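Remarks on the overall topology
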Amino acid sequence: MATVLDDINAGVREDMDSRKRLVSLSELQDRARQAPPVRDAWQALGGTSTSREQLKVIAEIKRRSPSKGDLASIADPASLARQYADGGAAVISVLTEQRRFNGSLADLDAVRAAVDVPLLRKDFTLDEYQIWEARAHGADLVLLIVAALSDAQLAEFSALSAELGMNVLVETHTEAEIERAAAANARIIGVNVRNLKTLDVDRSVFASLAGRIPAGAVVVAESGVRDAADVTHYAANGANAILVGEALVSHATPQERIAEFTAAGAAAIASRR
């Protein structure tokens, strides 16, 4: 029986095939090589910090989701990105999947032109074409979902991203997936508390898995952030960063929300020492 993730991936492949007919891989490669230098997402997320006392926020531009439907219209993603940057977001995530999330590469272009912070191209990466595409459109970080990839693809896509200067956020949901991410030498590992096969959210998943992530990796808590209490929970259980979309796009002053989350995270990190 096909899962939600299977259905999403099928649509992603169809849409990618349409783009391939318009822009060849070689043309994308030329564009990627001419793109401005990559911004260091690893450093932005505190990767080389010895203390990591401040929780980093990856702020997401997200119009809709398969589980909640429409979240925000976001007619001007560049304006929202500037608010995120003003609020202190370490990285801005731009959803580019169009069928389920109503995103686009045009959003990524608009945000890239508006801010200087590192950008995550948030999509379901299934082909090297998408990695070249991400770099050509100014991304500094790409998402690799362990549940959607073989070990060979995980290694191949990680290597290509590194060759292009980009970091990768390797997303996991189970202990076995963390082991696979570690085997691929992932340096930024996310634990998504949403099961992409069913869309169910279980915030306790983070606390049960975060301690299994190799020391030295940046640990990212993904999904399920509703308020500062959720941020505190994630930070207290080992998160170095949170990826949050809905709680920001649905808020009147997202820059203030980011500051609130950052403060809550710093207090929780301090308390666990």
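Our subject in this report is the structure included herewith. For clarity, every value in this text was computed on a predicted model and none was experimentally measured. Within every chain, residues take consecutive numbers counted from 1 along the sequence as written. Restriction of local features to residues with pLDDT of at least 70 applies here, the model being predicted, together with a cutoff of 80 or more for giving and counting side-chain atom pairs; totals for whole chains, interfaces and linings are based on all residues. Side-chain measures here rest on the full set of heavy atoms in the structure, leaving out hydrogens and waters.

**What about the layout of surface pockets?**
We place a 1 Å grid over just the protein atoms. Points where a 1.4 Å probe fits but has no way out form a cavity, open points with protein on both sides within 12 Å along at least 5 of 7 lines form a pocket, and any residue with an atom within 4 Å of a point lines it. Grid points are joined across faces, edges and corners, and a volume is the space filled by probe spheres set on the points. Approximately 530 Å³ is the volume attributed to the largest pocket. Every residue lining the largest pocket is counted, 31 residues in all, and those nearest its centre are E60, K62, R194, S223 and G224. Secondary structure elements follow DSSP: runs of H or I no shorter than four residues count as helices, runs of E no shorter than two count as strands, and numbering proceeds from the N terminus. Elements represented by at least two residues in the lining of the largest pocket include exactly β6 (141–145), β10 (241–244) and α11 (246–249). Along the lines of polarity and charge, the residues of the lining of the largest pocket split into 14 nonpolar, six polar and eleven charged. Counted as a void, the second largest pocket has a volume near 170 Å³. Every residue along the wall of the second largest pocket is listed here: S158, S161, A162, M166, N167, V168, A184, N185, A186, R187 and I188. At the level of elements, α7 (151–163) and β7 (167–172) are the ones that each hand at least two residues to the lining of the second largest pocket. Element by element, the count of residues in the lining of the second largest pocket is highest for α7, at three residues. Think of it as three bins: nonpolar holds Ala, Val, Leu, Ile, Met, Phe, Trp, Tyr, Cys and Pro, charged holds Asp, Glu, Lys and Arg, and polar takes everything else, Gly as well. Of the residues in the lining of the second largest pocket, the class split is six nonpolar, four polar and one charged.

**Observations regarding the sheet that holds β10**
Here, any two strands with at least 2 DSSP bridges between them count as paired. Pairing in this closed barrel of eight strands is parallel, and the strands run β1-β4-β5-β6-β7-β8-β9-β10 around the ring. Each strand of the sheet is rotated relative to its neighbour by a mean of 25°, with strand direction disregarded. Summarising the sheet, strand β1 (residues 56–61) and β10 pair through four bridges and their orientation is parallel. Note on β10: the bridge partner recorded for V57 is I242. In the packing of helix α4 (residues 77–87) onto the sheet, the strands contacted are β1 and β4 (91–95), and the crossing angle to β1 comes to about 170°. Contacts are residue-level and defined by heavy atoms, with any inter-residue pair within 4.5 Å sufficient. Only the contacting stretch of a helix is used when fitting its axis, a line to C-alpha atoms as for every element, and angles between N-to-C directions run 0 to 180 degrees. Strands β7 and β8 (188–192) of the sheet are contacted by helix α8 (residues 175–183), whose axis makes an angle of about 160° with β7.

**A few points about the packing of α4 against helix α12 (residues 254–271)**
Contact pair α4 / α12: the axes reach a minimum separation of 8 Å and the direction vectors enclose 35°. With respect to the hand of their crossing, α4 and α12 are arranged in right-handed fashion. Of the residues in α12, those touching α4 at L80, Q83, Y84, D86 and G87 are P254, Q255, I258 and A259. Taken together, the residues that form the contact of α4 with α12 break down as five nonpolar, three polar and one charged. Less than a right angle of anticlockwise turn of the near helix away from the far helix marks a crossing as left-handed, whereas a clockwise turn marks it as right-handed.

**Here we look at unusual backbone geometry**
Positioned with a positive phi, I74 is a non-glycine residue whose angle comes to about 45°. Within the secondary structure, I74 is located in the loop between β3 (69–70) and α4. Even without glycine at this site, N102 takes up a positive phi of about 60°. Within the fold, N102 resides in the loop between β4 and α5 (105–114).

**Thoughts on the pattern of salt bridges**
Close approach of charged atoms lets side chains of opposite charge pair. Salt bridge, as used here, is a side-chain nitrogen of Lys or Arg placed within 4 Å of a carboxyl oxygen of Asp or Glu. Scanning the entire structure with this criterion turns up 18 salt bridges. K122 is the salt-bridge partner of E60, the closest N and O atoms lying 2.9 Å from each other. Here E60 is found in strand β1, whereas its partner K122 is found in strand β5 (residues 119–122), with 62 residues between them in sequence. Residue exposure (1.4 Å probe, protein chains only): buried if accessible area is under 20% of the type maximum, exposed if over 50%, otherwise partly exposed. Judged by relative accessible area, which is 13%, K122 ranks as buried. Where R203 meets D230, a salt bridge forms, and the shortest distance between an N and an O atom there is 3.9 Å. Of this pair, R203 sits in the loop between β8 and α9 (204–209) while D230 sits in helix α10 (residues 228–236), placing them 27 residues apart in sequence. Judged by relative accessible area, which is 6%, D230 ranks as buried. When salt bridges with common partners are traced through the structure, they connect R19, R121, D123 and E133 into a single cluster.

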